[in-house]
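Inside the fold
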Number of protein chains: 4
Amino acid sequence: MIKDVQNTPDKRNIALQKVGVKNVETLLNIERKGSKAPQRVYAKAKMSVYLPSNYKGTHMSRFIEILEEYRKKDLIGVDIKKMLEDMKLRLESKSAYLKFDFKYFIKKKAPKSALEALMCYDCYFEGTLDENDVYKFFLGVKVPLTTLCPCSKEISDFGAHNQRATVSLKISYPGDKHIWLEDLISEIESCGSSELYSLLKREDEKCVTERAYENPKFVEDVIRDVVIKLENNPVISTYEVEIEAFESIHNHSAWAKQVSTT
Amino acid sequence: MIKDVQNTPDKRNIALQKVGVKNVETLLNIERKGSKAPQRVYAKAKMSVYLPSNYKGTHMSRFIEILEEYRKKDLIGVDIKKMLEDMKLRLESKSAYLKFDFKYFIKKKAPKSALEALMCYDCYFEGTLDENDVYKFFLGVKVPLTTLCPCSKEISDFGAHNQRATVSLKISYPGDKHIWLEDLISEIESCGSSELYSLLKREDEKCVTERAYENPKFVEDVIRDVVIKLENNPVISTYEVEIEAFESIHNHSAWAKQVSTT
Amino acid sequence: MIKDVQNTPDKRNIALQKVGVKNVETLLNIERKGSKAPQRVYAKAKMSVYLPSNYKGTHMSRFIEILEEYRKKDLIGVDIKKMLEDMKLRLESKSAYLKFDFKYFIKKKAPKSALEALMCYDCYFEGTLDENDVYKFFLGVKVPLTTLCPCSKEISDFGAHNQRATVSLKISYPGDKHIWLEDLISEIESCGSSELYSLLKREDEKCVTERAYENPKFVEDVIRDVVIKLENNPVISTYEVEIEAFESIHNHSAWAKQVSTT
Amino acid sequence: MIKDVQNTPDKRNIALQKVGVKNVETLLNIERKGSKAPQRVYAKAKMSVYLPSNYKGTHMSRFIEILEEYRKKDLIGVDIKKMLEDMKLRLESKSAYLKFDFKYFIKKKAPKSALEALMCYDCYFEGTLDENDVYKFFLGVKVPLTTLCPCSKEISDFGAHNQRATVSLKISYPGDKHIWLEDLISEIESCGSSELYSLLKREDEKCVTERAYENPKFVEDVIRDVVIKLENNPVISTYEVEIEAFESIHNHSAWAKQVSTT
């Protein structure tokens, strides 16, 4: 019989909070708003369990086995809590952690021509299940948008510098509630000077150019508007939000960050 | 006179925790152990201040002005606390945040030939100064090393898979203490199956190969040995440590993370 | 009517070889060996056309329109040549260029347990259609594998350093021929000291450890073995191959590159 | 005596064009225009030699030894040709290749306030020495600048979308000529709608905003203006130039590429 080195006792008396695997490329099923067919997406998994002080190592291959089983049943991404329970059970651990970073596509209509094209968003699902079986779920998303500088507009005789910016958001909410990525992304996009689109014809380009100019915003303005939406959303328990604007007049970024305090 | 849009009042009643700049490329002076001449290093700065609810925006250009002044006096990197004080003062804010990610070179001798060559480490200095003028400093470093799998060694008739791994460490300690990067890096390197070197002749390669084989370690072993060193260091107040091993038999990583609990 | 600035004449008398879009995230259909159902994959598109000297600009939105049409017909990735023809036609240009970088998943069985799990490969399709309607197609793939150092094995009393390495290959072949990604990847994987797998149980880990130890290879050995396979493949017209080994004893890579000369 | 595995004969009869090391972090000395003191910069080296068919492997450690020697003499970066000659000699090869990617800082004055701050540019030196001792040198640089869309300006009642763009240039020129990075960068910066700066006060921001608005340019315009400068420079033998604009209204880039044809 092949020896199980991981199961040998460890004498350093140090329990480890998180031991597992990272950057495991896989495919998830993501439920979509207003569609019965889920979206199959490219994802990277990070999975870990707690390791008691008396065990030398965890069994890394079991993480991959669990991933594969859920994938075959088309369940990865759909039931984070059940996966965490399986991880605790099969790795004989008292707590588990799971994160899927994934690429999610949403069809988006141009503002005037109404032509439709895909936009892709970097999203993540993150879940923890602790020693008391308390489950926590976090939803993350990066939303690109336009910021047009109010100062530049005010002080210049014409024009105003503007640029692409990225809002990075992480929220938590109770396990019995649900927030659609489609809704969350759309709310954040409405906080920029303008939204981004993949396909814009000339009439659309005129529209987004003028909209941005009429709606100048610092990173401070965008993050405040996002915070107001998050604070007013009765479902959201906690949030962390960050904005980085890739300034068109500098080679560095303007940046702001806010974390909910309650 | 040009209007100061940033100074106009904001009515959303939301104070922002961090507003500033990110990815500002600059040059730092880093003091070196055992050398009077500091090392001039490539760095990226992240700087922010608190923004009260009644101000529309901060003055982003002042961050760059402060950076430039400290650079001209050869002081960037040397006096983080003073920079934070200047940031609070000149941006009229009650708290300030500062981070420098930088590339630090250390000469390292091969174990047998004693030939010397540079190794480069990703490091950071991070500091905060709060509304009560309480200063906190964090030192971060990424240390590459070798892990050789104890399970693979035990179950195989010959050989054992091994790979490069990275230990990422963040520590804090009181403002009146000092820890040299040279010492910290050397302590972490001693926790791997073997250390890495830039220049190895054949006699050295024999030495590190055999050392790794005689010293097999899971990511769990490495992180526990690092944790013991950190816990036993009377200067260190808090730590966060993570290890990622770029497995030579998988296309994903083995991974572990530990955060001090006191 | 909205003015078409792109169509205004340009007086600099410089025709441009490639003008278009880059980093357009989209979804491709990839045909799979031994399966009627294609794989829908995450991709980034790069598309361009030739711009005659008398035109000021190209019509960037048409690239996105073509992408969307092919996506709706489930044809992106399937008919590169037809897309290039459409690009030439609809952008009124004499030559066109197209590249899709994508993530392709293949199920792979562990060598002993025969347990199956996904492996993901970075691939690309690249095509050009010139002014004489000559079509060229290039297939690219990055294949990770293990290299175990022959020198380290020879000079050490026990063990041998080994690491993950990546073989990057670009090939071309006539438009009337076909090469499956599955076959190409499998051929390259056979050239390492061992292959990589996502899921390995202990019996598998013993197998790959011993296989690598019995099969030591420098980057020079791997690239020569790949070159022999490419030279012996009657379908392949041209190739470029590169290997980078993330040395487990250094913080830099060993590296080799070869380009076909005929 | 320790066996020299690399020196054993290889029977596959395949000579390799490039065998060496990659991603070796080091420090270079770069001569500066108008200053006797060189700039010490962070760099990554890529070095290779030709490997005859009858040798199994090259001696990777010699590349690092050469780097270290040149570094100690403060010569890395200063004498690329001599390094290539030493590589050929000491690795007993008939041709050699060398590339240094590095971060180069230049002080830049704001257009109105004349305040000075550092800008950092990604640059590279690349050299080859062939079997006939013919030396070729390539200089590479990435220059960020602003592009303001002429179409958006023309069709909109006010404003115009603009964004950061990067011009990537690679040039070659005869070994007896010299081109300063400072001059090359400044020429490219003059081709955008506006230049970027690290430090801008309000009067400067007004200036660059208006300058960009009065000077709208597609990526096609910028690359044509760069091409004209390159074609008119009597020193430059060959060039490759690419521009990527990180569109503020899209989440993808506009892109153009031109390669000299003579």
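Just above, that's the structure.
Residues numbered from 1 in each chain as written. Chains lettered and ligands numbered in written order. Predicted model: local features only at pLDDT ≥ 70, side-chain atom pairs only at ≥ 80, totals over all residues. Heavy atoms only, no water.

1. Some remarks on the interface of chain B and chain A
Note: interface size is frequently given as the accessible area lost on complex formation between the parts. Which entries qualify depends on this criterion: In what follows, residue pairs with any heavy atoms lying within 4.5 Å of each other are defined as contacts. By convention, the term buried area covers the 1.4 Å-probe accessible surface removed from two parts as they join, with the contributions of both added. What counts as a salt bridge is simple: a side-chain nitrogen of Lys or Arg found within 4 Å of a carboxyl oxygen of Asp or Glu. Under the DSSP-based scheme used, a helix requires at least four consecutive residues in state H or I and a strand at least two consecutive residues in state E, with every element numbered from the N terminus. By the convention adopted, Pro, Cys, Tyr, Trp, Phe, Met, Ile, Leu, Val and Ala count as nonpolar, Lys, Arg, Asp and Glu as charged, and the other residues, Gly among them, as polar.
Contacts between the two partners involve 56 residues from chain B, matched on the other side by 56 residues from chain A. The contact between chain B and chain A buries some 4,500 Å² in all, and 56% of this surface belongs to carbon and sulfur atoms. Taken together, chain B and chain A are joined by 10 salt bridges. Across the pair Lys22 of chain A and Glu244 of chain B runs a salt bridge whose closest N-O atoms are separated by 3.1 Å. When contributions to the side of chain B that touches chain A are tallied by element, the ones reaching two or more residues are strand S1 (16-32), strand S2 (35-51), helix H1 (60-72), helix H3 (150-155), helix H6 (219-232), strand S8 (238-245) and strand S9 (253-259) of chain B. Among the elements that line the side of chain B that touches chain A, the one with the most residues is S1 of chain B, at 10 residues. Counted by class, the side of chain B that touches chain A contains 27 nonpolar, 13 polar and 16 charged residues.

2. Some remarks on the relation of the copies chain C and chain A
Just so we agree on the cut-off: In this comparison the copies share one frame, found by least squares on the C-alpha atoms of residues holding pLDDT of at least 70 in both.
Mapping chain C onto chain A leaves a residual RMSD of 0.0 Å; the transformation is a rotation of 180° accompanied by 0.0 Å of translation along its axis. Both chain copies can therefore be described as sitting about a two-fold axis. Minimal C-alpha separation from the rotation axis in chain C is found for Tyr42 of chain C, amounting to 3.1 Å. Both copies share a contact surface, since 100% of the interface residues of chain C are interface residues in chain A too.

3. Quick look at the nonpolar core
Let me state the cut-off plainly: Residues belong to one nonpolar core when they are buried, are Ala, Val, Leu, Ile, Met, Phe, Trp, Tyr or Cys, and are joined through side-chain atoms within 4.5 Å. A simple rule labels every residue: compare its accessible area, found with a 1.4 Å probe on the protein chains alone, to the largest value its type can have, and call it buried under 20%, exposed over 50%, or partly exposed in between.
Phe102 of chain C together with Phe102 of chain D are the most contacted members of the largest nonpolar core, which totals 136 residues. Apart from the residues within four sequence positions on either side, Phe102 of chain D is in contact with Leu28, Ile30, Val41, Tyr42, Ala43, Tyr121, Asp122, Cys123, Tyr124, Phe125 and Leu181 of chain D. Grouped together as the second largest cluster of nonpolar side chains are 135 residues, Ile64, Leu169 and Ile185 of chain A together with Ile171 of chain B included.

4. A few points about the environment of Cys123 of chain B
Residue and element names in this part refer to chain B. Turning to its location among the elements, Cys123 is positioned in strand S4 (residues 116-129). Overall, Cys123 belongs to the buried group, its relative accessible area being 2%. Through-space distance from the C-alpha of Cys123 to that of Lys103 is 6.2 Å; in sequence the pair is 20 residues apart. Apart from the residues lying within four places of it in its own chain, the contact partners of Cys123 are Phe100, Asp101, Phe102, Tyr104, Gly140, Val141 and Leu181.

5. With respect to the pattern of salt bridges
Applying the stated criterion across every chain, the model contains 93 salt bridges over all chains. Lys56 of chain B serves as the salt-bridge partner of Asp221 of chain A, at 3.0 Å between the closest nitrogen and oxygen. Taken together, the positions of Asp221 of chain A in helix H6 (residues 219-232) and Lys56 of chain B in the loop between S2 and H1 put the pair across two chains. Taking relative accessible area as the criterion, Lys56 of chain B reaches 16% and is therefore assigned buried. Three or more residues joined by partner-sharing salt bridges are found here, namely Asp10, Arg12 and Lys56 of chain A together with Lys217, Asp221, Arg224 and Asp225 of chain B.

6. Description of the pairing of S1 of chain B
Condition: DSSP bridges decide pairing: two strands pair if at least two such bridges lie between them.
In terms of burial, S1 of chain B is largely enclosed, as 12 of its 17 residues are buried. Summarising the sheet, strand S9 (residues 253-259) of chain A and S1 of chain B pair through 5 bridges and their orientation is antiparallel. Bridge pairing in S1 of chain B links Ala256 of chain A to Val19 of chain B. Bridge analysis of S1 of chain B against S2 of chain B gives 12 bridges, and the strand direction is antiparallel. Across the sheet, Leu27 of chain B pairs through a bridge with Tyr42 of chain B, a residue of S2 of chain B. Here S1 of chain B hands over to S2 of chain B after 2 residues, with Gly34 of chain B in that stretch at a positive phi of 70°.

7. Structural notes on helix H4 (residues 181-189) of chain D
Owing to its 3.6 residues per turn, the α-helix brings residues three or four apart onto one side. The condition that has to hold: Arc definition: it is the arc formed by the directions from the helix axis to the C-beta atoms.
When we look at burial in H4 of chain D, the residues that qualify are Leu181, Glu182, Leu184, Ile185, Ile188 and Glu189 of chain D. Viewed along the axis of H4 of chain D, the buried residues span an arc of 165°, placing them on a single side of the element.

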